[in-house]
Amino acid sequence: KYNYLQVVFSKEDSVFVYYNLGVCAYNLKQINLAINYYSEAIEIDPHYPYSYIERAHINAKLGNYQEAIEDYSFILEGNYNQALKALVYKYRGKIYNILENHPHSIQDFTQAININPNYLDAYYNRGCCYFCIQEYQAAINDFSSAIKINPQYIQAYSARGNAYIALGEITKAEFDFKKVKELGG
């Protein structure tokens with residue numbers, strides 16, 4: 001297969017060209033073309049993580065969860081910076097949650113938190129997983145951690161209120177729901 005872009009651009013530059021073509025195709029709702037461009041970028045440079053991330057996002061939106069997990073997993077197995085890995089653990093954790101694979105989901109959110117102890121979304125999402133498996137106190141702990149990081153986080157107050165209701169702690173639930181209303185939720 002002859003790569004015309006590599007005639008004009010260096011290998012490094014053509015990766016960015018294909019990546020950006022993927023972004024443009026996606027924004028133009030040309031989903032299959034976007035996947036092809038990201039795949040081409042990966043073929044040229046299999047170590048450029050953002051092509052995997054974007055392709056995984058698209059596959060997740062299409063319901064191709066296993067393909068998304070594979071792309072996210074490739075990054076997690078590679079030698080990439082910790083901030084990127086924390087983000088990818090969160091993304092993969094969300095996919096596992098959709099698949100109702102809560103143990104894997106919790107594990108990924110925990111990994112993200114271990115990398116970044118102030119990762120608000122990871123605490124919130126892990127709390128949601130704990131809620132789904134009826135581990136309400138663990139859910140409350142995570143929602144409380146999210147609130148500690150961002151005291152204006154309406155969804156965390158609401159979710160924590162629901163967990164308090166599940167435990168029969170109505171007074172605490174009422175406090176959280178009043179806080180949601182106070183914050184404009």
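Coordinates for the structure precede this section.
K.L.:
Help me understand the pattern of salt bridges, please; the structure alone is not making it clear to me.
P.N.:
Two side chains of opposite charge can pair, provided their charged atoms sit close to one another. By the definition in use, this model includes 7 salt bridges. R55 is paired through a salt bridge with D71; the nearest N and O atoms lie 2.7 Å apart. Taken as a pair, R55 in helix α4 (residues 49–61) and D71 in helix α5 (residues 65–77) lie far apart in primary sequence, 16 residues in all. For D71, a relative accessible area of 5% puts it in the buried group.

K.L.:
I'm lost on the environment of N27 in this one. Help?
P.N.:
When you line up the elements, N27 lands in helix α2 (residues 11–27). As a C-alpha pair, N27 and P151 span 124 residues in sequence and 34 Å in three-dimensional space.

K.L.:
Would you mind showing me how to read unusual backbone geometry here?
P.N.:
What is expected of a backbone is that most residues other than glycine have negative phi and most peptide bonds are trans. In this structure, K29 is a non-glycine residue whose phi angle is positive, near 65 degrees. Within the fold, K29 resides in the loop between α2 and α3 (31–44). With relative accessibility at 67%, the residue K29 sits in the exposed group. A positive phi is found at Q134, a non-glycine position, where the angle reads about 65 degrees. Overall, the relative accessible area of 57% leaves Q134 in the exposed class.

K.L.:
Got a minute to help me understand the state of the cysteines in this structure?
P.N.:
Formally, a disulfide is one covalent bond, and it connects the sulfur atom of one cysteine to the sulfur atom of another. In the structure shown here, the tally under the stated rule is 0 disulfides. C128 takes part in no disulfide bond, and the closest cysteine sulfur to it belongs to C132, at a distance of 6.9 Å. Unpaired in terms of disulfides, C132 finds its nearest cysteine sulfur in C129, a separation of 6.3 Å.

K.L.:
I'm lost on the nonpolar core in this one. Help?
P.N.:
For soluble globular proteins, nonpolar side chains are generally found buried alongside one another. Counting 37 residues, the largest nonpolar core has I75 and V88 as its most contacted members. Broken down by secondary-structure element, the contributors of at least two residues to this core are α4, α5, α6 (82–98), α7 (102–115), α8 (120–132), α9 (136–149) and α10 (154–166). Grouped together as the second largest cluster of nonpolar side chains are 11 residues, Y19, I35, Y48 and I58 included.

K.L.:
Before we go on, may I ask you to explain the packing of aromatic side chains in this structure?
P.N.:
Think of a pair of aromatic rings as described by two things: how far the centres are apart, and how the planes are tilted against each other in angle. Applying the stated criterion across every chain, the model contains 10 aromatic pairs. A centroid spacing of 5.7 Å and a plane angle of 85 degrees characterise the contact between Y19 and Y48, whose relative ring orientation is edge-to-face. Linking Y19 in helix α2 with Y48 in the loop between α3 and α4, this pair joins segments that are 29 residues apart in sequence. Each member of the pair, Y19 together with Y48, is buried. Pairing F131 with Y136 gives two aromatic rings, centres 5.2 Å apart and planes at 65 degrees, and the pair type is edge-to-face. Using a relative accessible area of 29% as the deciding quantity, one classes F131 as partly exposed. Owing to a relative accessible area of 18%, Y136 belongs among the buried residues under this scheme.

K.L.:
Sorry, what's going on with the side chain of R92 here?
P.N.:
Of note, R92 is situated in helix α6. Excluding residues within four positions of it along the chain, R92 makes contact with I69, Y72, S73, L76 and D108.

K.L.:
Even after reading the chapter, I still don't get α6, so can you show me in this structure?
P.N.:
Residues spaced three or four apart along an α-helix face the same direction, because each turn holds 3.6 residues. In this model, α6 (17 residues) spans 24 Å end to end at C-alpha, consistent with the 24 Å of a helix rising 1.5 Å per residue. Every buried residue of α6 is listed here: L84, K85, A86, V88, Y89, K90, R92, G93, I95 and Y96. A distance of 3.1 Å separates the backbone nitrogen of A83 from a side-chain oxygen at the start of α6, and that oxygen is part of N81. In the segment just after α6, E100 is the residue with positive phi, at about 60 degrees.

K.L.:
How do you make sense of the packing of α10 against helix α11 (residues 170–182) when you look at a structure like this?
P.N.:
How two helices pack is summed up by the angle between their axes together with the distance between the axes. In the contact formed by α10 and α11, the axes pass within 8 Å of each other and the chain directions differ by 160 degrees. On the basis of their axis angle, the class for α10 and α11 is roughly antiparallel. The crossing of α10 and α11 is left-handed. Across from I154, Y157, S158, R160, G161, N162, Y164 and I165 in α10, the residues of α11 making contact are I170, K172, A173, F175, D176, F177, K179 and V180. For the contact of α10 with α11, the per-class residue count stands at 9 nonpolar, 3 polar and 4 charged.

What counts, and where the lines are drawn
Residues numbered from 1 in each chain as written. Predicted model: local features only at pLDDT ≥ 70, side-chain atom pairs only at ≥ 80, totals over all residues. Heavy atoms only, no water. Salt bridge = Lys/Arg side-chain N within 4 Å of Asp/Glu carboxyl O. Helix = DSSP H or I, 4+ residues; strand = E, 2+ residues; numbered from the N terminus. Buried < 20%, exposed > 50% of the residue type's maximum accessible area, 1.4 Å probe, protein only. Disulfide = S-S within 2.5 Å. Core = buried A, V, L, I, M, F, W, Y, C linked by side-chain atoms within 4.5 Å. Phe/Tyr/Trp six-rings, centres within 6.5 Å; stacked < 30°, edge-to-face > 60°. Contact = heavy atoms within 4.5 Å. Expected span 1.5 Å × (residues − 1). Polar contact = N/O pair within 3.5 Å; in protein donor to acceptor, adjacent residues only side chain to side chain. Axes fitted to C-alpha atoms, helices over the stretch in contact; angles between N-to-C directions. Parallel < 35°, antiparallel > 145°, perpendicular 65-115°, else oblique. Left-handed = near helix turned anticlockwise from the far one by under 90°. Nonpolar A, V, L, I, M, F, W, Y, C, P; charged D, E, K, R; others polar.

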